Amino acid sequence: PSLAYPAPLRIVPPMSPGEIHGLLAFLRRAERLKTVTRTAWTSEGKQESTAEHTWRMGLFALSLRPWFPELDFGRVLALVLVHDLGEAIHGDISAVLQAGAAPKLEQERRDLVELLTTAPETVRADFLALWEEYNAAATPEAKFVKAVD
């Protein structure tokens, strides 16, 4: 039998040192999601962090994969990971706190843009497009993630 070789990898320009440092700075800022608490509680009575919420959403979404074969689960998981990233800046905006404040969606977008300032342009554009897709429920995957949320 002949050996089948995978298709060659697409060659992309290497990341510059500035892009590497910018990406690492973004990841350090995003790590705040581990300690940002939400207005929700775990089943054990602990206030949930945004990171915990996102992890559970991803696990839930992936668990439903057999029943939604038409969805692109790479995209589903990307939407899950990006949908609350902006909470690293100003936290979760509860419905109670929304009264009299800037509309939640506008604030979350500003926060996401601020969080992404150090990330390479391709990452900024990709993550912002995913966030907008999610909030507009623009695709079947985005609608699914909203339902899981």
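The structure presented is a predicted model; accordingly, all values stated were derived computationally and were not measured.

(A) Region of the structure containing the environment of Asp72. Counting through the fold element by element, Asp72 comes out in the loop between α2 (50–63) and α3 (73–82). A polar side-chain atom of Asp72 sits 3.0 Å from the main-chain amide nitrogen of Gly74.

(B) Just the nonpolar core, in detail. Counting 27 residues, the largest nonpolar core has Phe26, Val76, Leu85, Phe144 and Val145 as its most contacted members. In this structure Leu85 touches Phe26, Ala30, Leu33, Leu112, Leu115 and Phe127, once residues within four positions along its chain are discounted.

(C) Focus on helix α6 (residues 104–115). Taking 1.5 Å of rise per residue, the 12 residues of α6 would be expected to cover 16 Å, and the 16 Å separating its terminal C-alpha atoms lies within 8% of that figure. Every buried residue of α6 is listed here: Gln107, Glu108, Asp111, Leu112 and Leu115. Take α6 and look down its axis: the buried residues cluster within an arc of 135°, on one side only. Elements that come into contact with the buried residues of α6 comprise α1 (17–30), α4 (87–90) and α7 (121–136).

(D) View of the packing of α2 against α3. For the pair α2 and α3, the least separation of the axes is 9 Å and the interaxial angle reads 160°. One way to sum up the angle between α2 and α3 is to call them roughly antiparallel. Seen along the crossing, α2 lies across α3 with a hand that is right-handed. Between α2 and α3, the contacting residues are Thr54, Met57, Gly58, Ala61 and Leu62 on the first element and Phe73, Val76, Leu77, Val80 and Leu81 on the second.

(E) The arrangement of the pattern of salt bridges in detail. With the rule as written, the count across this model stands at 11 salt bridges. The residue Arg29 makes a salt bridge to Glu114 at a minimum N-O spacing of 3.6 Å. Remark: Glu114 occurs in helix α6 and Arg29 occurs in helix α1; sequence separation between them is 85 residues. For Arg29, a relative accessible area of 19% translates into the label buried. Note that Arg38 and Glu48 form a salt bridge whose closest N and O atoms lie 3.9 Å from each other. With a gap of 10 residues between them, Arg38 in strand β1 (residues 37–41) and Glu48 in strand β2 (residues 47–49) connect regions that are remote in the sequence. Here the salt bridges share partners, and the residues they tie into one network are Arg38, Glu48, Asp84, Glu87 and Asp92.

(F) α3, seen in detail. All of the buried residues along α3 are Phe73, Val76, Leu79, Val80 and Val82. Close packing links the buried residues of α3 with α2, α7 and α8 (140–148). For α3, the N-terminal capping position is held by Asp72, with its side-chain oxygen 3.0 Å away from the main-chain nitrogen of Gly74.

(G) Representation of the packing of aromatic side chains within the structure. Evaluation of the coordinates by the stated rule reveals three aromatic pairs. Each ring, one from Phe26 and one from Phe127, has its centre 5.9 Å from the other, and the planes form 70°; the classification is edge-to-face. Placement of Phe26 in helix α1 and of Phe127 in helix α7 is noted, with a sequence separation of 101 residues between them. Measuring from ring centre to ring centre gives 5.6 Å for Phe73 and Phe144, while their planes differ by 75°; the resulting arrangement is edge-to-face. Remark: Phe144 occurs in helix α8 and Phe73 occurs in helix α3; sequence separation between them is 71 residues. Phe144 matches Phe73 in its accessibility class, with the two residues each being buried. Taken together through their ring pairs, the aromatic side chains of Phe68, Phe73 and Phe144 make up a single cluster. The ring of Tyr134 has Lys146 sitting right over it, with the charged end atom 4.3 Å from the ring centre.

Conventions we followed
Residues numbered from 1 in each chain as written. Predicted model: local features only at pLDDT ≥ 70, side-chain atom pairs only at ≥ 80, totals over all residues. Heavy atoms only, no water. Helix = DSSP H or I, 4+ residues; strand = E, 2+ residues; numbered from the N terminus. Polar contact = N/O pair within 3.5 Å; in protein donor to acceptor, adjacent residues only side chain to side chain. Core = buried A, V, L, I, M, F, W, Y, C linked by side-chain atoms within 4.5 Å. Buried < 20%, exposed > 50% of the residue type's maximum accessible area, 1.4 Å probe, protein only. Contact = heavy atoms within 4.5 Å. Expected span 1.5 Å × (residues − 1). Arc of directions from axis to C-beta. Axes fitted to C-alpha atoms, helices over the stretch in contact; angles between N-to-C directions. Parallel < 35°, antiparallel > 145°, perpendicular 65-115°, else oblique. Left-handed = near helix turned anticlockwise from the far one by under 90°. Salt bridge = Lys/Arg side-chain N within 4 Å of Asp/Glu carboxyl O. Phe/Tyr/Trp six-rings, centres within 6.5 Å; stacked < 30°, edge-to-face > 60°. Lys NZ or Arg CZ within 6 Å of the ring centre and 35° of its normal.

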